[in-house]
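Next come the chains, spelled out residue by residue.
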Amino acid sequence: MTLLILAALLVSTFAGYYGLWGLLFIFWGLLAVRSGQAFLIEPINRATDPALFWSLTGLWIGLGVLYVLADVFPPVANGF
């Protein structure tokens, strides 16, 4: 499954569609919220460092939504 997703990400990137990356970012954010642990360079725990955890998780979900919206509404993303 990982190789299939990796191939899909590469193809979508070369085609200029970043919505698939957006879905991946949203997925990562939701997994982090569910588990209470996120990974960037090192593990970040919600219990021990809540500000950093929520900042990172919010960034992932926010970027994911922006990437998906940019593919769904390209004129808005490109500034008309």
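Criteria and thresholds
- Residues numbered from 1 in each chain as written.
- Predicted model: local features only at pLDDT ≥ 70, side-chain atom pairs only at ≥ 80, totals over all residues.
- Heavy atoms only, no water.
- Helix = DSSP H or I, 4+ residues; strand = E, 2+ residues; numbered from the N terminus.
- Contact = heavy atoms within 4.5 Å.

### Re the side chain of Ser12
Mapped onto the secondary structure, Ser12 falls in helix α1 (residues 2-15). With near-sequence residues (within four places) excluded, Ser12 lies in contact with Tyr17, Leu20 and Trp21.

### Here we look at the environment of Gly19
With respect to the helices and strands, Gly19 occurs in helix α2 (residues 19-35). Between the alpha carbons of Gly19 and Gly29 there is a distance of 15 Å; along the sequence they are 10 residues apart. Once residues lying within four places of it in the same chain are set aside, the contact partners of Gly19 are Tyr67, Val68 and Asp71.

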